[in-house]
Amino acid sequence: MSDGTAVAGPDGALRCPWALSTPDYVTYHDEEWGRPVHGDDALFERLSLEAFQSGLSWITILRRREGFRAAFAGFEIAKVATFTDVDKDRLLADAGIIRNRAKIEATMANARALAEWTPGDLDDLIWSHAPDPAARPAPKTLADVPAVTPESTALSKALKKRGLRFVGPTTAYALMQACGLVDDHLASCVARSAD
């Protein structure tokens, strides 16, 4: 049992303790989590997956990611914005994703809202909420990693004001972590210094 500090993996490298429970997590942790993500469609995917994760474990979403991509047209905003009730029914019957009506409807509604934005606006809005990295010391233990910050609360409010749903402050912070707006790899984690 970890005390919340970095733990040596099978290769001897220290990692955030959450990353070692499955090989899927190790890959996600080492290669993706905390790395900068740009582009409206890529950020729409991450935002949607974080919303689907609400109330579930991230591994549940991660293992269904390809199913989500297939079901939601690669998370291309322009395509998902055209989804109809027929698509909603198809999604509700798709065992390859999380079949939660409210989350499916929110993803479709978010795509319709985003389709009205100028290209690049989602990227600009999200990244405008990135905190100054110099003001954030590297966390030493998991207890040093917040679930919500003033920046994630502000991002949540900005997204809601622009018509997006399922984007509360906790979801916004998870998005910030996943997309590299913040680096919450522990100070001794091998992935913290990796580029």
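Residues numbered from 1 in each chain as written. Predicted model: local features only at pLDDT ≥ 70, side-chain atom pairs only at ≥ 80, totals over all residues. Heavy atoms only, no water.

**Student:** Please clarify how the pattern of salt bridges should be interpreted in this entry.
**Tutor:** Two side chains bearing opposite charge may form a pair once their charged atoms approach each other closely. All chains considered together, the criterion is met by 16 salt bridges. For the salt bridge of Glu 105 with Lys 88, the shortest nitrogen-to-oxygen distance reads 3.0 Å. A residue pair is termed long-range when its members are at least 10 positions apart, and Glu 105 in helix H7 (residues 101-115) and Lys 88 in helix H6 (residues 85-92) qualify at 17 residues. Looking at Glu 105, the relative accessible area reads 25%, which means it is partly exposed. The network of salt bridges with shared partners includes Glu 32, Glu 45, Arg 46, Arg 65, Glu 66 and Arg 69. (Salt bridge = Lys/Arg side-chain N within 4 Å of Asp/Glu carboxyl O. Helix = DSSP H or I, 4+ residues; strand = E, 2+ residues; numbered from the N terminus. Buried < 20%, exposed > 50% of the residue type's maximum accessible area, 1.4 Å probe, protein only.)

**Student:** Could you clarify how one ought to interpret the nonpolar core in this entry?
**Tutor:** In globular proteins that are soluble, nonpolar side chains generally tend to be buried together. One finds Phe 44, Phe 68, Phe 72, Leu 91, Leu 122, Leu 159 and Leu 164 to be the most contacted residues of the largest nonpolar core, which totals 46 residues. Ignoring any residue separated from it by four or fewer positions in sequence, one finds Leu 159 in contact with Leu 47, Trp 117, Leu 122, Leu 125, Leu 164 and Val 167. (Core = buried A, V, L, I, M, F, W, Y, C linked by side-chain atoms within 4.5 Å. Contact = heavy atoms within 4.5 Å.)

**Student:** Please explain unusual backbone geometry as it appears in this structure.
**Tutor:** Note: most residues except glycine have negative phi, and most peptide bonds are trans. Phi at Phe 75 is positive, roughly 60 degrees, even though this residue is not glycine. Position of Phe 75 relative to the elements: it lies in the loop between helix H4 (65-71) and helix H5 (77-80). Judged by its relative accessible area of 0%, Phe 75 is buried.

**Student:** When you look at the environment of Lys 88 in this model, what are you seeing that I'm missing?
**Tutor:** By relative accessible area, which is 14% here, Lys 88 ends up buried. Lys 88 sits 13 residues away from Arg 101 along the chain, and the two C-alpha atoms are 8.2 Å apart. When neighbours within four sequence positions are excluded, Lys 88 is seen to be in contact with Arg 101, Ile 104, Glu 105 and Met 108.

**Student:** What's the story with the layout of surface pockets in this structure? I'm lost.
**Tutor:** If a probe the size of a water molecule is rolled over the atoms, the empty space left behind becomes visible. What the largest pocket holds in volume is close to 420 Å³. In terms of lining, the largest pocket is formed by 19 residues, of which the most central are Trp 33, Glu 50, Trp 58, Ala 174 and Gln 177. Of the residues forming the lining of the largest pocket, the biggest block, 6 residues, is contributed by helix H10 (residues 169-178). Considered class by class, the residues forming the lining of the largest pocket number 12 nonpolar, 5 polar and 2 charged. (1 Å grid on protein atoms, 1.4 Å probe; cavity = no way out; pocket = protein on both sides within 12 Å on 5 of 7 lines; lining within 4 Å. Points joined across faces, edges and corners; volume = space filled by probe spheres on them. Nonpolar A, V, L, I, M, F, W, Y, C, P; charged D, E, K, R; others polar.)

**Student:** I keep staring at the packing of aromatic side chains and nothing clicks. Help me out?
**Tutor:** One pair of aromatic rings is described through two measures. These are the centre distance and the angle between the planes. By the definition in use, this model includes 9 aromatic pairs. Between Trp 18 and Tyr 25, the ring centres sit 5.6 Å apart and the planes meet at 90 degrees, which makes this aromatic pair edge-to-face. Judged by relative accessible area, Trp 18 falls into the partly exposed class, the value being 26%. The class for Tyr 25 is buried, based on a relative accessible area of 11%. Relative to Phe 83, the ring of Phe 72 lies with its centre 6.3 Å away and its plane at 20 degrees, an arrangement referred to as stacked. One end of the pair, Phe 72, is in the loop between H4 and H5; the other, Phe 83, is in the loop between H5 and H6, with 11 residues separating them in the sequence. For Phe 72, a relative accessible area of 0% puts it in the buried group. A relative accessible area of 11% places Phe 83 in the buried class. Cluster of aromatic residues (ring-pair linked, three or more members): Phe 44, Phe 52, Phe 68, Phe 72, Phe 75 and Phe 83. Here the basic side chain of Arg 90 rests over the ring of Phe 83, its NZ or CZ set 5.3 Å away from the ring centre. Lying over the aromatic face of Trp 117, Arg 162 brings its terminal NZ or CZ to 3.8 Å of the ring centre. (Phe/Tyr/Trp six-rings, centres within 6.5 Å; stacked < 30°, edge-to-face > 60°. Lys NZ or Arg CZ within 6 Å of the ring centre and 35° of its normal.)

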